[in-house]
Amino acid sequence: MDQFIAILIGALWAAIIVGLVVRFVRAKKGKRLRAVAEPLVAAADSYQENLIGKTGTSELKETTESS
């Protein structure tokens, strides 16, 4: 059972890496790094929101736009 879980975790990480590589290759030349980092930043923002109940980047955008 432990080997099965380890294989599933490895498959998850492999899928994440393949997805990031595909995003990098398919992105336009000047925006490749942003295309790769975008889902990681969104995941971190979602994690922060669930952890402390506040959003980081979305609330920051709202406060800077309203000022």
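Predicted model, so just to flag it, every value in this text is computed and none were measured. (Residues numbered from 1 in each chain as written. Predicted model: local features only at pLDDT ≥ 70, side-chain atom pairs only at ≥ 80, totals over all residues. Heavy atoms only, no water.)

Draft legend 1. Broad picture of helix α2 (residues 32-52). Along its 21 residues, α2 runs 31 Å from first to last C-alpha, staying within 8% of the 30 Å computed at 1.5 Å per residue. Where α2 bends most, at Glu38, the angle is about 30°, and the proline Pro39 comes one to four residues later. All of the buried residues in α2 are Ala35, Val36 and Asp45. At the exit of α2 stands Gly53, carrying a positive phi of roughly 85°. (Helix = DSSP H or I, 4+ residues; strand = E, 2+ residues; numbered from the N terminus. Expected span 1.5 Å × (residues − 1). Bend = angle between axes of the 7 residues up to and from the residue. Buried < 20%, exposed > 50% of the residue type's maximum accessible area, 1.4 Å probe, protein only.)

Draft legend 2. Geometry of the pattern of salt bridges. Throughout the structure, instances matching the rule amount to one salt bridge. Close ionic contact of Glu38 with Arg23 constitutes a salt bridge, the shortest N to O distance being 3.9 Å. With Glu38 in helix α2 and Arg23 in helix α1 (residues 2-26), this pair connects stretches of sequence that are 15 residues apart. Overall, the relative accessible area of 48% leaves Glu38 in the partly exposed class. Owing to a relative accessible area of 35%, Arg23 belongs among the partly exposed residues under this scheme. (Salt bridge = Lys/Arg side-chain N within 4 Å of Asp/Glu carboxyl O.)

Draft legend 3. Quick peek at the packing of α1 against α2. Running from N to C, α1 and α2 point in directions that differ by 150°, and their axes come no closer than 7 Å. When the axes of α1 and α2 are compared, the crossing they make is right-handed. Of the residues in α2, those in contact with Leu20, Arg23, Phe24 and Val25 of α1 are Arg32, Ala35, Val36, Glu38, Pro39 and Leu40. Per-class residue counts for the contact of α1 with α2 are seven nonpolar, no polar and three charged. (Axes fitted to C-alpha atoms, helices over the stretch in contact; angles between N-to-C directions. Left-handed = near helix turned anticlockwise from the far one by under 90°. Contact = heavy atoms within 4.5 Å. Nonpolar A, V, L, I, M, F, W, Y, C, P; charged D, E, K, R; others polar.)

Draft legend 4. Up close: a nonpolar patch on the surface. A surface patch of nonpolar side chains, about 1,200 Å² in accessible area, is lined by Met1, Phe4, Ile5, Leu8, Ile9, Leu12, Trp13, Ile16, Ile17, Val21, Phe24 and Val25. In this fold, Met1 is placed in the segment before α1. By relative accessible area, which is 74% here, Met1 ends up exposed. (Patch = residues over 30% accessible without salt bridge, like charges linked within 9 Å, V, L, I, M, F, W, Y side chains within 5 Å. Areas by Shrake-Rupley, 256 points an atom, 1.4 Å probe, with all protein chains shown as cover.)

What is shown is where atoms sit, not what they do.
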